[in-house]
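# Chains, contacts and geometry: an overview
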Amino acid sequence: MSWRDGAWRDSACVLVTLAFAALLGSCSEGYPGEDRPLVSPFDMSNAERVAELNVVGRDSPGPRWRYALREGCTLEVEQGGGKDKRRVAVTLKRSMDAEVVFDDATKTYDVALIDRSVDAGTPFATLLKTDKWTYATQGSLLVDLLIRDCAAGSTARRLQMTGTLPPPRSVINVSR
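Residues numbered from 1 in each chain as written. Predicted model: local features only at pLDDT ≥ 70, side-chain atom pairs only at ≥ 80, totals over all residues. Heavy atoms only, no water.

As a further point, take the sheet that holds strand β6 (residues 123–130). Taken together, 3 strands build an open sheet; the order of strands is β4-β5-β6 and the sheet is antiparallel. Unpaired on one side and paired on the other, β4 (96–103) and β6 mark the two borders of the sheet. Put simply, the sheet's adjacent strands are angled 30 degrees from each other on average, direction ignored. Pairing geometry for β4 and strand β5 (residues 108–115), over 8 bridges, is antiparallel. Bridged to Ala-98 within β5 is Leu-113. (Pairing = 2+ DSSP bridges. Helix = DSSP H or I, 4+ residues; strand = E, 2+ residues; numbered from the N terminus. Axes fitted to C-alpha atoms, helices over the stretch in contact; angles between N-to-C directions.)

Right, here's the structure in full:
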C-alpha cells in the first residue's frame, strides 16, 4: 500500500507542477515578447526626439498631434484631422521654453511654448493638449531638449561660417 501511495503522490506532484507551468505560461499572453527599449531623451538625437514626440502625440488622449523638424530648427506642429486640422510652424530659439500649463476651462494639461525674450511667461503656441499629466511632461521635456540642441546647432553653424569648425560630413533629414 505504501508503494501505491508513493506512486500516487509522485503522479500528483507531476500533475500539479504541469498545471502551474501551464498557468504561468498563459499569464504572458497579451504582453509583448520584448519591451520597447527605454532610451533617455537626453541621449537621443533631435530626429529621435521628434519621433518620440510623434508617439506622445499619437498615444495621448484626444486629437492626434504630429510633429516634424525642418531646416533651421523649425518645428511644425499639426493637430487633429480633416476640416478641424490646425497647423503651426515655430522656429525654435534659445530664449524659448516649453512649459506644462493646466487649462482650467478645458481641464487639460497644455504644453505651451513661451519666448522669454518677447513677453516673459505668455504662451504663444500650444504644442500638445492632453488630459494626462504624464504625456504633457514627456512632451515638454522633449521640446525643451529640441530647443537646447537647436540652439547648440545654430552656435555650431555660426562657428562654421567663421571657419572655426569643419563643415558636417552628412545631413540627416528628419522629415517624414
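The rest of the description comes next.
A few words now on the state of the cysteines. Overall, the coordinates contain 1 disulfide when judged by the stated rule. A sulfur-sulfur distance of 2.1 Å marks the disulfide that ties Cys-73 to Cys-150. For the disulfide bridge between Cys-73 and Cys-150, the dihedral angle about the S-S bond is near -90 degrees, and by the sign convention the bridge is left-handed. Of this pair, Cys-73 sits in the loop between β1 (65–70) and β2 (74–79) while Cys-150 sits in helix α3 (residues 133–162); the two residues are 77 residues apart in sequence, bridging distant segments of the chain. Since its relative accessible area comes to 11%, Cys-73 is described here as buried. The class for Cys-150 is buried, based on a relative accessible area of 3%. (Disulfide = S-S within 2.5 Å. Buried < 20%, exposed > 50% of the residue type's maximum accessible area, 1.4 Å probe, protein only.)

To continue, consider the pattern of salt bridges. Scanning the entire structure with this criterion turns up 11 salt bridges. With a shortest N-O distance of 2.8 Å, Asp-59 and Arg-58 are connected by a salt bridge. Here Arg-58 falls in the partly exposed class, since its relative accessible area comes to 45%. Lys-129 is paired through a salt bridge with Asp-103; the nearest N and O atoms lie 3.2 Å apart. Of this pair, Lys-129 sits in strand β6 while Asp-103 sits in strand β4; the two residues are 26 residues apart in sequence, bridging distant segments of the chain. It is possible to trace a salt-bridge network through shared partners that takes in Arg-49, Arg-148 and Asp-149. (Salt bridge = Lys/Arg side-chain N within 4 Å of Asp/Glu carboxyl O.)

Most of β5 sits inside the fold, with 7 of its 8 residues counted as buried. Between β4 and β5, which pair antiparallel one after the other, the connecting turn spans 4 residues, and Lys-107 there sits at a positive phi close to 60 degrees. Pairing of β5 with β6, which is carried by 6 bridges, proceeds in the antiparallel orientation. Its bridge partner lying in β6, Leu-113 is registered against Ala-125.

In regions of low pLDDT, the predicted coordinates are not meant to be interpreted in detail. Predicted confidence across the protein gives a mean pLDDT of 78, with 64% of residues reaching 70 or more. The low-confidence segment residues 155–176, where pLDDT is below 50, has 15 contacts with residues more than four positions distant or belonging to other chains. (pLDDT = per-residue confidence, 0-100. Contact = heavy atoms within 4.5 Å.)

Note on soluble globular proteins: their nonpolar side chains tend to be buried together. Counting 25 residues, the largest nonpolar core has Tyr-67, Leu-75, Leu-92, Leu-113 and Leu-127 as its most contacted members. Among the elements of the structure, α2 (46–59), β1, β2, β4, β5, β6 and α3 are those that each provide at least two residues to this core. Once you skip the residues sitting within four places of it in the chain, Leu-127 turns out to touch Trp-65, Tyr-67, Leu-75, Val-77, Val-111, Leu-113 and Val-143. (Core = buried A, V, L, I, M, F, W, Y, C linked by side-chain atoms within 4.5 Å.)

For α2, built from 14 residues, the straight-helix expectation of 20 Å at 1.5 Å per residue is met to within 8% by its first-to-last C-alpha distance of 20 Å. Among the residues making up α2, those that are buried are Asn-46, Arg-49, Val-50, Glu-52, Leu-53, Asn-54, Val-55, Val-56 and Gly-57. (Expected span 1.5 Å × (residues − 1).)

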